Amino acid sequence: MKIYNTLSGRKEDFAPRNDTVKMYVCGVTPYAPSHLGHAMSYIIFDTIRSYLEFRGYKVKYIQNFTDIDDKIIARANESGIPTHDLAQGFIEQYFANMDTLNIKRATIYPRATEEIPKMIEVIEGLIQKGHAYEVGGDVYFRVQSDPDYGKLSHRTLDGMMAGARVEIGEAKEHPLDFALWKAAKPGEPQWHSPWGPGRPGWHIECSAMSLKYLGETLDIHGGGQDLTFPHHENEIAQSESFTGVKPFVRHWLHNGLLQLGEEKMSKSTGKLITISEALSKYSPDALRLWVLSSHYRSPMTYSDENLAATEKGVERLRNTNNLDIKESAATAIDSQTYRERFIEAMDDDFGTPQAIAALFDLAREINRGNDEGLHIGEALNTFRELTGVLGLKLSDVTISPPVAEAFVEGLPAEVVIESWVKEREELRKAKQWNRADDVRDRFKQWDLTLEDTSQETILRYKGRIWRRYKKP
RNA sequence: GGCGACGUAGCCAAGUGGUAAGGCGGGGGUCUGCAAAACCCCUAUUCAGCGGUUCGAAUCCGCUCGUCGCCUCCA
């Protein structure tokens, strides 16, 4: 397998140190509902994790929650809800979103507020080694003590100082020194520390948690491209300075960012579409397939037109997925070449677009085989296995169309519908086509379409199969 | 200003030296009472523009135009 590494800027051979892959992905700061950009990132890393497992690795996957920070404090103060409760509410929402998107839970979800002792231990070590210093209850990392600082984001201290936006001042030795520990301000949540009451800075949590749960060297560390600098750069500086072990991370992975119109989707700008909103319009499968239809390092732009198009594509995969396997003595179709294409694509830096292309081709092969009466069982199993690696469920009845709550002359429409299907079938047998079509027209009021096969009548709502009625 | 990414058909999107995957849409056809679903065929002589290297470039180099990201909280 080859994986692109942000640190080296090129694809490198992937081989974990042992059969368990140590994987860390930066999680969210739970102060607002998660948006589609988060969904994109976590769908991507879930798929990477899933593929590694498919390839026979065990994966220990750690994802943090930054459950204390400036914005959480600000929101808590506005709403009068304690920071812990505020964060807890959004964490629960986050899990609900992730579950709906069929994103497998991480092995452990450590929270910043529960890992303070480990952070203090790391900060103390950094001070002892001369990599950090305390000023008035704050502790800062001394960037000039790390000759490698800037290696991940490919910049230099001089280059960054040339930028116009560096603020000079405060008590820092160097403008780019960053906070490891922040002295408490009145009314803020605080924890005891050797430097007085305060709270951790943003970057230190990830160093502390990864060290605690995965050790000194991680195989994979992931996150959005917007985390490359300063967050991940600072993590490297802290971790390598503390442990003296390099590399801290063997493969740095960064996903491209989601755009909404002209701008990045971002909580702080308010330009966003929440995951819940998106899920009210599109199926989880469509959202996953949409995200995975472009390479994970490329940016994407949100578009209703494209998501609607993806929904149609999902429908084709779903129709194939839900074919009945009939026992057949006929020749079986061979799915091996499609499986190989899938693996070849995914082995090359997780080439999901080509992998998906192989799955669409396999779907066509299966449908064709099904039409020709060939044995499709094995190929269908391969199809289900590989779509499953991408986290697609492709199941039938997970929707509740308006008809489910409708009434016909006082009776629930669902009850009436079955009799209509029977009525229409009898009219068709009698070749009374006009009257049969009149019955079919009744379904239009709920956007239901009918599909006749030799054995059953299928009712679809917006392309999705909703009910199947066996023909007598 | 510094660093980086990108610009491929109506839309989305692969392809990084050997002659353009896949999806959506569109057109035609098969099947069907008609549909639906499925299947078959067609839909970029061309890869932002201009030069250059090469037997050969969407792929390498240079310049121009355009879009976006990071440099500040951010997946």
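This one's a predicted model, so the numbers in the text were calculated from it and none came from an experiment. (Residues numbered from 1 in each chain as written. Chains lettered and ligands numbered in written order. Predicted model: local features only at pLDDT ≥ 70, side-chain atom pairs only at ≥ 80, totals over all residues. Heavy atoms only, no water.)

## Points about the overall build of chain A
So, point 1. Within chain A, the secondary structure is distributed over 15 helices and 18 strands.
So, point 2. Over its C-alpha atoms, taken along the principal directions, chain A stretches across nearly 90 × 50 × 35 Å.
So, point 3. Counting every position in chain A, which comprises 472 residues, the buried fraction comes to 52%.
So, point 4. Long-range pairs, those at least 24 residues apart, make up 72% of the contacts in chain A with a sequence separation of at least 6.
So, point 5. About 21,400 Å² of surface is accessible on chain A, with carbon and sulfur atoms providing 49% of the total. (Helix = DSSP H or I, 4+ residues; strand = E, 2+ residues; numbered from the N terminus. Buried < 20%, exposed > 50% of the residue type's maximum accessible area, 1.4 Å probe, protein only. Contact = heavy atoms within 4.5 Å. Areas by Shrake-Rupley, 256 points an atom, 1.4 Å probe, with all protein chains shown as cover.)

## Concerning the pattern of salt bridges
So, point 1. Using the criterion set out here, one finds 38 salt bridges in the structure.
So, point 2. A salt bridge links R55 to D347; the shortest N-O distance between them is 2.7 Å. Of the two residues, R55 sits in the loop between α1 (36-54) and β4 (58-63) while D347 sits in helix α11 (residues 336-347), which places them 292 residues apart along the sequence.
So, point 3. On the basis of relative accessible area, R55 is assigned to the partly exposed category, the value being 37%.
So, point 4. Its relative accessible area of 16% is what places D347 among the buried residues.
So, point 5. Note that R428 is salt-bridged to D452, the shortest N-O span being 3.5 Å. (Salt bridge = Lys/Arg side-chain N within 4 Å of Asp/Glu carboxyl O.)

## Side note on the domain arrangement of chain A
Interfaces are often sized by the accessible area lost when the parts come together.
So, point 1. By domain assignment, chain A separates into domain 1 (2-275), domain 2 (282-389) and domain 3 (402-470).
So, point 2. Spacing between the C-alpha centres of domain 1 and domain 3 amounts to 54 Å. (Domains from an automatic or database assignment.)

## Brief notes about the nonpolar core
So, point 1. Counting 72 residues, the largest nonpolar core has M23, L36, Y302, F342 and I366 as the members making the most contacts within it.
So, point 2. It is α1 that provides the largest number of residues to this core, a total of 10 residues.
So, point 3. Here this core gathers at least three residues from each of two domains, domain 1 (2-275) and domain 2 (282-389).
So, point 4. Contacts of M23, omitting those with residues within four sequence positions, involve F45, I48, R49, L52, V59, K60, Y61, I62, L214 and I220. (Core = buried A, V, L, I, M, F, W, Y, C linked by side-chain atoms within 4.5 Å.)

## Some details on the sheet that holds strand β12 (residues 263-264)
So, point 1. Across the sheet, which stays open at both edges, the 3 strands sit in the order β12-β11-β13 with mixed pairing between neighbours. Bordering the open sheet on either side are β12 and β13 (300-301), each of which pairs with just one other strand.
So, point 2. Across 2 bridges, strand β11 (residues 258-260) lies against β12 in antiparallel orientation. Across the sheet, the residue bridging to Q259 is K264, located in β12. (Pairing = 2+ DSSP bridges.)

## Digging into unusual backbone geometry
So, point 1. Between F229 and P230 the backbone carries a cis peptide bond, its omega angle lying at 0°.
So, point 2. Among the structural elements, P230 can be located in helix α7 (residues 228-243).
So, point 3. Note that the residue after K246, namely P247, is joined by a cis bond; omega there is -5°.
So, point 4. Among the secondary structure elements, P247 is positioned in the loop between α7 and β10 (249-255).

## What about a negative patch on the surface?
So, point 1. Taken together, the side chains of D334, E340, E344 and E378 make up a negatively charged region of the molecular surface.
So, point 2. For E378, the location among the structural elements is in helix α13 (residues 377-389).
So, point 3. You can call E378 exposed: its relative accessible area is 53%. (Patch = residues over 30% accessible without salt bridge, like charges linked within 9 Å, V, L, I, M, F, W, Y side chains within 5 Å. Lys, Arg positive; Asp, Glu negative; His and termini not counted. Charge placed at Lys NZ, Arg CZ, Asp CG, Glu CD.)

## Examining the packing of aromatic side chains
So, point 1. Here the structure, examined in full by the defined rule, presents 19 aromatic pairs.
So, point 2. Taking the centre distance of 4.8 Å and the plane angle of 80° together, the rings of F95 and Y109 count as edge-to-face. Placement of F95 in helix α3 (residues 83-100) and of Y109 in the loop between α3 and α4 (116-128) is noted, with a sequence separation of 14 residues between them.
So, point 3. Judged by its relative accessible area of 14%, F95 is buried.
So, point 4. Residue classification places Y109 among the buried positions, given a relative accessible area of 18%.
So, point 5. Ring centres of W290 and Y302 lie 6.2 Å apart, and the angle between their planes is 80°; this geometry places the pair in the edge-to-face category. (Phe/Tyr/Trp six-rings, centres within 6.5 Å; stacked < 30°, edge-to-face > 60°.)

## Brief notes about the pairing of strand β6 (residues 138-141)
So, point 1. Examined bridge by bridge, strand β5 (residues 132-135) and β6 share 4 bridges and lie antiparallel to one another. Each bridged residue has a counterpart across the sheet, and for V135 the counterpart in β6 is D138.
So, point 2. Between β5 and the antiparallel strand that follows it, β6, lie 2 residues; G136 among them carries a positive phi value of about 55°.
So, point 3. The pairing of β6 with strand β7 (residues 178-183) spans 3 bridges and is classified as antiparallel. For Y140, the partnering residue across the bridge sits in β7 and is A179.

## Focus on the environment of L257
So, point 1. When you line up the elements, L257 lands in the loop between β10 and β11.
So, point 2. On the accessibility criterion, L257 (19% relative accessible area) is buried.
So, point 3. On a C-alpha basis, the gap between L257 and M300 in space is 6.5 Å, while along the polypeptide they are 43 residues apart.
So, point 4. Contact partners of L257, with chain neighbours within four places excluded, come to M40, G224, Q225, D226, K264, P299 and M300.

## Description of the side chain of N321
So, point 1. Along the polypeptide, N321 turns up in helix α10 (residues 304-321).
So, point 2. On the basis of relative accessibility, which here comes to 8%, the residue N321 falls in the buried class.
So, point 3. Here the side chain of N321 touches N322 through a polar contact of 3.2 Å, side chain to side chain.
So, point 4. Here N321 is in contact with L380, F383, R384, K393 and L394, once residues within four sequence places are set aside. (Polar contact = N/O pair within 3.5 Å; in protein donor to acceptor, adjacent residues only side chain to side chain.)

## Thoughts on the environment of K312
So, point 1. Mapped onto the secondary structure, K312 falls in helix α10.
So, point 2. Along the chain, K312 and Y149 lie 163 residues apart, while their C-alpha atoms are 47 Å from each other.

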